[in-house]
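Listed below, chain by chain, are the residues.
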Amino acid sequence: MRQLKIFQVLRSIGFVFWLSLPLVGLVFWIGSGFVGDRILSRTYDNNKYLQADKQSARQMMKRIVAIKVEIRQQDGVSLVNVKTDNSVLKTIAFEFPITEPSQLETTLSQELGLPRDRIKELIRY
């Protein structure tokens, strides 16, 4: 009879609840550690890479307004500033190790994807 009174007192203060609470916490702690180890030790093979859209870059380059070239003979380089009418990309700066205008026009034609006669129209030395 005495044991029954102790159990009644323990039940009245919520002993079953307070005893189970640390056990539930321990189970969650061990379980989250196991799940975390499994997730972090997993290899991550992602073959998706960011690829630039070359066609839209070429279309953006075709809206070129002016090309200003400064040839520095003493340094052996040419500084090129390309102005576009694009709102995002206003100017593009290039530096080429070329000082001859015909080679520079050919290189710019290849770099910008424009025909050489269009480059000759836009270029200013």
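From a predicted model like this one, the values you see are computed outputs, not experimental measurements.

Considerations on the nonpolar core
Here comes step 1: Membership of the largest hydrophobic core comes to 16 residues, with the highest contact counts inside it found for I67, V80, V82, F94, L108 and L112.
Here comes step 2: Counting only elements with at least two residues in this core, the list comes to β1 (64–72), β2 (77–84), β3 (91–96), α4 (101–112) and α5 (116–122).
Here comes step 3: Those residues in contact with I67, other than ones at most four positions away along the chain, are V80, N81, V82, L108, L112, I119, L122, I123 and R124.

A short note on the sheet that holds strand β4 (residues 123–124)
Here comes step 1: Pairing is mixed in the open sheet, where four strands are placed in the order β3-β2-β1-β4. The two strands at the open ends of the sheet, each matched to only one other strand, are β3 and β4.
Here comes step 2: The strands touched by α4 are β1, β2, β3 and β4; relative to β3, the strand with the most contacts, the crossing angle is about 130 degrees.

Things to note about a nonpolar patch on the surface
Here comes step 1: Judged by side-chain polarity, I13, F15, L19, L23, L26, W29 and I30 come together as a nonpolar surface patch covering roughly 760 Å² of accessible area.
Here comes step 2: Its place among the elements puts L23 in helix α2 (residues 15–40).

Some remarks on the confidence of the model for the protein chain
Here comes step 1: Residue-level pLDDT values for the protein chain average 82, and 85% of them are 70 or greater.
Here comes step 2: Looking at the elements of the protein chain, mean pLDDT is at its lowest for helix α3 (residues 54–61), recorded as 54, and at its highest for β2, recorded as 92.

Side note on the pairing of β1
Consecutive side chains of a regular strand alternate in pointing toward one face of the sheet and then the other.
Here comes step 1: Of the pairings in the sheet, the one linking β1 to β2 comprises eight bridges and is antiparallel in character. Each residue of the ladder has a partner; that of V69, found in β2, is V80.
Here comes step 2: Taking the residues between adjacent antiparallel strands as the criterion, β1 and β2 are bridged by four residues, where G76 takes a positive phi near 75 degrees.
Here comes step 3: Two elements, β1 and β4, share two bridges in a ladder whose sense is parallel. Bridge pairing in β4 links I67 to I123.

Section: the pattern of salt bridges
Here comes step 1: Following the criterion strictly, the structure yields four salt bridges and no others.
Here comes step 2: Residues R72 and D75 are paired through a salt bridge, measuring 3.9 Å at the closest nitrogen-oxygen approach.
Here comes step 3: Notably, a salt bridge pairs E121 with R118, separated by 3.3 Å at the nearest N-O pair. You can see E121 and its partner R118 sitting in helix α5, three residues apart, about one turn around the helix.
Here comes step 4: Connected through salt bridges with shared partners, the residues E70, R72 and D75 form a single ionic network.

Brief notes about the pairing of β2
Here comes step 1: Of the strand pairs in this sheet, β2 and β3 are connected by six bridges, and their pairing is antiparallel. Bridge pairing links S78 to F96 in β3.

Examining α4
Here comes step 1: Over its 12 residues, α4 extends 16 Å from the first C-alpha to the last, a length consistent with the 16 Å expected when each residue adds 1.5 Å.
Here comes step 2: Buried within α4 we find L104, E105, L108, S109 and L112. Each buried residue of α4 sits inside an arc of 140 degrees when the element is viewed along its axis, so together they form one side.
Here comes step 3: Of the residues one or two after α4, G113 is the one with positive phi, at around 75 degrees.

Rules used throughout
- Residues numbered from 1 in each chain as written.
- Predicted model: local features only at pLDDT ≥ 70, side-chain atom pairs only at ≥ 80, totals over all residues.
- Heavy atoms only, no water.
- Core = buried A, V, L, I, M, F, W, Y, C linked by side-chain atoms within 4.5 Å.
- Buried < 20%, exposed > 50% of the residue type's maximum accessible area, 1.4 Å probe, protein only.
- Helix = DSSP H or I, 4+ residues; strand = E, 2+ residues; numbered from the N terminus.
- Contact = heavy atoms within 4.5 Å.
- Pairing = 2+ DSSP bridges.
- Axes fitted to C-alpha atoms, helices over the stretch in contact; angles between N-to-C directions.
- Patch = residues over 30% accessible without salt bridge, like charges linked within 9 Å, V, L, I, M, F, W, Y side chains within 5 Å.
- Areas by Shrake-Rupley, 256 points an atom, 1.4 Å probe, with all protein chains shown as cover.
- Salt bridge = Lys/Arg side-chain N within 4 Å of Asp/Glu carboxyl O.
- pLDDT = per-residue confidence, 0-100.
- Expected span 1.5 Å × (residues − 1).
- Arc of directions from axis to C-beta.

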